[in-house]
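Below, each chain spelled out in residue letters.
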Amino acid sequence: MELTLEAYRNIVNYLGSRRDIAALCRVSKGFQYVCERALYNTLYLRDIGDAISICNTLTGQPRLSVLVDALTIYLSDDENDSDNDSEHENQDDVETTALPDAYWPAISSALQKAKRLRYLNIHINNTDKAVAWILDDCTFRLRRFHCDLDWDFRLVAFLNTQVDLNDLFILDYNETGSVTHTNNVSSPSLVLNVNSLPNLAILECTFSEAAIAIVPGRPITHLKTCFSRTDLFEKREEMATLFSRIRLSTRPLRSLDIADSTYSEAFSMELLSTIVRFRATTSELRYIGTLVLPVMGKERLHFYGLLMRLPRVQCVEVDISEWVPAPAAPPAFRALASEMRLYSPTVTRVVFVNEFDRTVVTVINGVFRVEPDVNTDMLWRDI
């Protein structure tokens, strides 16, 4: 007896594992239709052997490859380490397993067949990242792309084709053209086309140079980047250049997160002063970080005075690492958040950063609550 499509989907959704779904796939044509979509819609490739096998399946069966909507590739030198490696206690004696020659060609072939892919995440740790050639001849149009690949002419050529891309993370950026085995000459094509990425709204990049190059002329509303310079005078020049380019975004910023190798109260005040100086970074800004919260009362009032010039700010991330003693108890965090809201009542969430620890205080109906389970890495995106 044939069931309705909704009934098939409800049964498949009830199953707890991919193995059970794969077994159910062989029961009937109706289950096969729904199960294959559940199995191949979202793929996470971590194990090297499984990744090659799955990619070969996608390459050999186009009806399955077109079902793939989201794909995550995770590759690390410690990929084959297990939780039970008691015999490998001395990590210096462990030899990294060489990546099979078939790995990247299998990935490349599968990507070429995944014509309806919309979300692609490539995470590469401690191994060769100069493999952007795997994106050659791909015809899919991504909406989100997390890219740990080296910035080279092949990656640039791929990005120039992505007219639907809305969310981009890039780990590397070098428009001058470094010499690699995939790019043995300095190439002018390491700069994106002016009209490329017309729908890019969310940009996360580890180098401010990437933001400086990519933001102008594009509708960037969410930006996360990091200062590259450590010398104060060079950092000021970097900041001036960055904000001159941010002003050229075709839409005002809603979220701005700028990290730094070292945080100082003086430079943080300069940064906040720069932010409130331009309409592009004040009129719609909801999230701002990371700023140093001054210890002394007079300086903190100046900080709040600048913050008041952000009429829609909702979330502020502040560093309190230099406070002695640093706030530690929930009442202290709630008191500081309450103090900030006296001057900026639109603020509903404050993230306090102490070294590597983050404490989030959220205001709901006038009640201040410390929230331990908030994913602080995503706040700048979600606002």
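Cut-offs and rules
- Residues numbered from 1 in each chain as written.
- Predicted model: local features only at pLDDT ≥ 70, side-chain atom pairs only at ≥ 80, totals over all residues.
- Heavy atoms only, no water.
- Helix = DSSP H or I, 4+ residues; strand = E, 2+ residues; numbered from the N terminus.
- Buried < 20%, exposed > 50% of the residue type's maximum accessible area, 1.4 Å probe, protein only.
- Axes fitted to C-alpha atoms, helices over the stretch in contact; angles between N-to-C directions.
- Parallel < 35°, antiparallel > 145°, perpendicular 65-115°, else oblique.
- Left-handed = near helix turned anticlockwise from the far one by under 90°.
- Contact = heavy atoms within 4.5 Å.
- Nonpolar A, V, L, I, M, F, W, Y, C, P; charged D, E, K, R; others polar.
- Phe/Tyr/Trp six-rings, centres within 6.5 Å; stacked < 30°, edge-to-face > 60°.

## Some points on the environment of glutamine 61
You can see glutamine 61 is positioned in the loop between helix H4 (48-60) and helix H5 (62-65). You can call glutamine 61 partly exposed: its relative accessible area is 33%. Once the C-alpha coordinates of glutamine 61 and aspartate 382 are considered, the two residues, 321 residues apart in sequence, prove to be 37 Å apart.

## Quick look at the packing of helix H9 (residues 232-246) against helix H10 (residues 265-275)
With their axes 11 Å apart at the nearest point, H9 and H10 run at an angle of 15° to one another. Taken together, the axes of H9 and H10 are roughly parallel relative to one another. For H9 against H10, the interelement crossing comes out right-handed. Along its contact with H9, which presents Leu232, Lys235, Arg236, Met239 and Phe243, the element H10 presents Phe267, Glu270, Leu271, Thr274 and Ile275. Looking at the contact of H9 with H10 residue by residue, the class counts come to six nonpolar, one polar and three charged.

## Digging into the packing of aromatic side chains
Enumeration according to the criterion identifies eight aromatic pairs in this entry. Relative to phenylalanine 158, the ring of phenylalanine 145 has its centre 5.6 Å away and its plane inclined at 75°; by these criteria the two rings are edge-to-face. Pair noted here: phenylalanine 145 is in strand E4 (residues 144-147) and phenylalanine 158 is in helix H7 (residues 153-159), with a separation of 13 residues, a long-range link. You can call phenylalanine 158 buried: its relative accessible area is 4%. With centroids separated by 5.0 Å and ring planes inclined at 15°, the aromatic side chains of tyrosine 304 and tyrosine 343 adopt a geometry described as stacked. Of this pair, tyrosine 304 sits in helix H11 (residues 297-307) while tyrosine 343 sits in helix H12 (residues 330-343); the two residues are 39 residues apart in sequence, bridging distant segments of the chain. Given a relative accessible area of 1%, tyrosine 304 falls into the buried group. The partly exposed category is assigned to tyrosine 343, whose relative accessible area is 31%.

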